[in-house]
Amino acid sequence: MRGNSMAARERIGARRDESAFRAGRILAGAFILLIWLSASATGMLPGPLEVAEYLAGMRASELLPQVLKTLYNSVTGFSLSFLASMVLGLLSHRFSLIRGFSEALSEIFNSTSALVWSLVLVATLGVLSPLPPILVVAAVTLPHILTATVSALSSADPGLLEAVRAIGARPSDEFFEVILPSSVPLLASASRVGLGTALRISVVAEAFGSSGGVGYMIIRSYNLADASGVLAWSIVLIALVLGLDQLILKPLERRARRWLE
Amino acid sequence: MAGVILEVSSVYKTFSEPVLAGISLELRPGEVLGVVGPNGCGKTTLLRIMAGLEEPDGGSVRREGKVGIVFQEDRLLPWKTLWENIALGLKYRGIRGEELVRRVREYSRMVGLSDSDLSLHPRKASGGTRRKAALARALVLEPDILLLDEPFTGLDVRARSSLREALRWIWDEYGLSTVIVSHQLEELLPLADRVYVLTPKPARVSEEIDLGGMDLERRLERVKEALLHILSGAGVGRPPHRPQDGDKSHHDHPQYEG
């Protein structure tokens, strides 16, 4: 009886925590809205209604190509950095020379701002080239993904490695049966963060070129002194980052970590 | 080596400090051998050396046949089901298809795993079920020598009893030569034919006790006495006190979870 009432109390406590947590999230939204309303009251920014009208007036034929362009830049850039990280991470696992090379590369790339990459790549490849946003995303996300890959690959439980060795595993079996699966949860978490970063970085690079994308639309609205356009395209970007994270990346991460739960 | 399936001769091992100091022991075919000693005396290191997972600094180990080992911590791959874990060693040996399915089924049933147990991931399985899966993973490779490291640790009474019954059935049926390292005397002694008692670190063999013909109470009494003897310091390098029949000692030592 006592056990049942304790469990019931714990369930009520957990429900209260959950409700408080949700209230906190709503409060954060209200807080941002309040700041926006205050700023718009001074006349510095257009108000939420004005921006909502702008968004409502956007045609799908105008919105969709820009969103797809940004998604393409982000996903392609991120895929490049993921592939490079996997190759360097796997080689680092076996060769000290590659480990040193990867570590130094990570440190240099990590210290270089997205702004510098954007300017250098646009100056080198030209404003009309579609490559700078992709390469900027790859360069900025590489150190994060590479560091995560190297540490994920070295995080395999030595006890599990010994256990499979004891039943006849070869080094390749150890890699594919233990090392790689052990690293999946860490890589999934790093990829979730990395793709979110990729989207945000992509718009910075797009702003410097003329090849389209949400970033290009933001800077174009800014150049036309269209404050509602700047905010509307910014909201599109936020919705894109949140939607991708909540609808695709978070479930994928949960799936990759399911054997841990 | 005649009549001996595993022979450990004067084995020495040092990590940051000496762990094993000239251990010799023998395992005979079909025998269940117990290795007991104070906590941290080097029993697991000795077992790992027997399995070939650790190289001794001195001395030698001779094995006649394949060795299977079951670790104390199960060490099942958490992303694979129990079935996949048990089948792993067979896949490494190129055994697939019907033969793989037959062997996994046979040895899983032998240790008392049901079909529904086999579809579980280790995290969803109970401690006893996981331990049985680890045992099946070793048995499925049909070893000639089985090494068990603290097989009963961390299991509740029911799981311990179930595992004990499974082991007893395997020995009765297959006569598998086995070494069990355990500090749980109540679980080990009903199963073992002989016991080696090790001294505290650096471990040496203090005494070899043949348990044949003794009932459980006498076995417990005899081994506890040997352990108390070495923990009092008297057993190190000297022949132990051999009590007369009826000379009962029921003291338990705080360092030893007998």
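Remember, predicted model here, so these are calculated numbers, not experimental data.

A. Structural view of the pattern of salt bridges. Throughout the structure, instances matching the rule amount to 28 salt bridges over all chains. Between arginine 165 of chain A and glutamate 174 of chain A there is a salt bridge, with the nearest N and O atoms lying 3.0 Å from each other. We classify glutamate 174 of chain A as buried; its relative accessible area is 13%. Linking glutamate 177 of chain A and lysine 91 of chain B is a salt bridge whose minimum nitrogen-to-oxygen distance equals 4.0 Å. Of this pair, glutamate 177 of chain A sits in helix H8 (residues 171-208) while lysine 91 of chain B is found in helix H2 (residues 82-92), placing the two residues in two different chains. When salt bridges with common partners are traced through the structure, they connect Glu162 of chain A together with Arg48, Glu54, Glu73 and Arg75 of chain B into a single cluster.

B. Here's a closer look at the packing of helix H3 (residues 60-94) of chain A against helix H4 (residues 96-111) of chain A. All names here are of chain A. Relative to each other, H3 and H4 sit at 135°, their axes nearing to 6 Å. By the angle between their axes, H3 is oblique relative to H4. Crossing angle aside, the handedness with which H3 passes H4 is left-handed. Contacts from Leu88, Leu91, Ser92 and Arg94 of H3 reach H4 at Ser96, Ile98, Arg99, Phe101, Ser102 and Leu105. Split into classes, the residues belonging to the contact of H3 with H4 amount to five nonpolar, three polar and two charged.

C. Structural view of the domain arrangement of chain A. Residue and element names in this part refer to chain A. Domain annotation of chain A identifies domain 1 (1-45) and domain 2 (48-260). Between the C-alpha centres of domain 1 and domain 2 the distance comes to 30 Å. Interface of domain 1 and domain 2: buried area, both sides summed, is about 410 Å²; carbon and sulfur atoms make up 88% of it. Among the residues of domain 1 in contact with domain 2, Trp36, Leu37 and Leu45 are the three that bury the most area, contributing 82% of the side total.

D. Quick look at the pairing of strand E7 (residues 177-181) of chain B. Residue and element names in this part refer to chain B. The element E7 is largely enclosed, with a buried count of five among its five residues. Side chains Ser177, Val179 and Val181 project from E7 onto one buried face, and the interleaved Thr178 and Ile180 project onto a second face that is buried too. Bridge analysis of strand E6 (residues 145-149) against E7 gives five bridges, and the strand direction is parallel. Bridging across to E7, leucine 146 finds its partner in threonine 178.

E. Main features of the sheet that holds strand E9 (residues 205-210) of chain B. Residue and element names in this part refer to chain B. In spatial order, the strands read E5-E6-E7-E3-E8-E9; together these six strands make up an open sheet with mixed pairing. The sheet is open, and its two edges are formed by strand E5 (67-70) and E9, each paired on a single side. Ignoring strand direction, the axes of neighbouring strands in this sheet form an average angle of 15°. Sheet contacts for helix H5 (residues 127-139): E5 and E6; angle to E5, the most-contacted strand, approximately 170°.

F. Geometry of the sheet that holds strand E2 (residues 18-27) of chain B. Residues and elements named next belong to chain B. The sheet built from three strands is open, its strands ordered E2-E1-E4 with antiparallel pairing. Looking at which strands have only one partner, the edges of the open sheet turn out to be E2 and strand E4 (58-63). Averaged over neighbouring strand pairs, the angle between their axes works out to 15° when direction is ignored. Contacting strand E1 (6-14), E2 and E4, helix H1 (residues 43-51) crosses the sheet at an angle of about 55° to E2.

G. Broad picture of helix H7 (residues 158-166) of chain A. Every buried residue of H7 of chain A is accounted for by Gly159, Leu160, Leu161, Glu162, Ala163 and Val164 of chain A. Tucked into the core, H7 of chain A has its buried residues touching H8 of chain A together with H1, H2 and H5 of chain B. Of the residues that open H7 of chain A, the one with a side-chain oxygen 2.7 Å from the backbone nitrogen of glycine 159 of chain A is aspartate 157 of chain A. Within two residues after H7 of chain A, glycine 168 of chain A carries a phi angle of roughly 100°, on the positive side.

H. Region of interest: the nonpolar core. Ranked by internal contacts, the top residues of the largest apolar core, which has 64 residues, are Leu135, Leu139 and Val223 of chain B. Apart from residues lying up to four places away in sequence, valine 223 of chain B is in contact with Val36, Leu185, Leu189, Val195, Ile209 and Leu211 of chain B. The next biggest cluster of nonpolar side chains, apart from the first, holds 34 residues, and it includes Val136, Leu195, Ile218 and Val241 of chain A.

How each quantity is defined
- Residue positions are given per chain, counting from 1 as you read along its sequence in written order.
- The lettering of chains begins at A and the numbering of ligands begins at 1, in the order of writing.
- In keeping with the model being predicted, local features are shown solely for residues with a pLDDT of at least 70 and side-chain atom pairs are shown and tallied solely at 80 or more, while totals for entire chains, interfaces and linings include all residues.
- The side-chain numbers reported here are obtained from all heavy atoms of the structure, hydrogens and water having been left aside.
- Salt bridge, as used here, is a side-chain nitrogen of Lys or Arg placed within 4 Å of a carboxyl oxygen of Asp or Glu.
- Partly exposed residues are those whose accessible area sits between 20% and 50% of the maximum for their type, while under 20% is buried and over 50% is exposed, using a 1.4 Å probe and protein chains only.
- The numbering of helices and of strands both runs from the N terminus, where a helix is a DSSP run of H or I of at least 4 residues and a strand a run of E of at least 2.
- What counts as an axis is a line fitted to C-alpha atoms, over the stretch in contact for a helix, and the angles between N-to-C directions run from 0 to 180 degrees.
- Working definition: roughly parallel below 35 degrees, roughly antiparallel above 145 degrees, roughly perpendicular at 65 to 115 degrees, and oblique for all remaining angles.
- Crossing handedness is read from the near helix: turned anticlockwise from the far helix by less than a right angle, it gives a left-handed crossing, and turned clockwise, a right-handed one.
- The contact criterion used is simple: two residues touch if any of their non-hydrogen atoms lie within 4.5 Å.
- Put simply, Ala, Val, Leu, Ile, Met, Phe, Trp, Tyr, Cys and Pro go in the nonpolar bin, Asp, Glu, Lys and Arg in the charged bin, and everything else, Gly too, in the polar bin.
- An automatic or database domain assignment provides the domain bounds reported here.
- Two parts placed together each lose some accessible area under a 1.4 Å probe, and adding up what both lose gives the buried area.
- Pairing between strands requires that DSSP locate at least two bridges from one strand to the other.
- A 3.5 Å cut-off defines polar contacts: any pair of N or O atoms within that distance qualifies, except that in protein one atom must be a possible hydrogen donor and the other a possible acceptor, and neighbouring residues in sequence count only when both atoms are side-chain atoms.
- In these notes, a set of buried Ala, Val, Leu, Ile, Met, Phe, Trp, Tyr and Cys residues joined through side-chain atoms within 4.5 Å is what counts as a nonpolar core.

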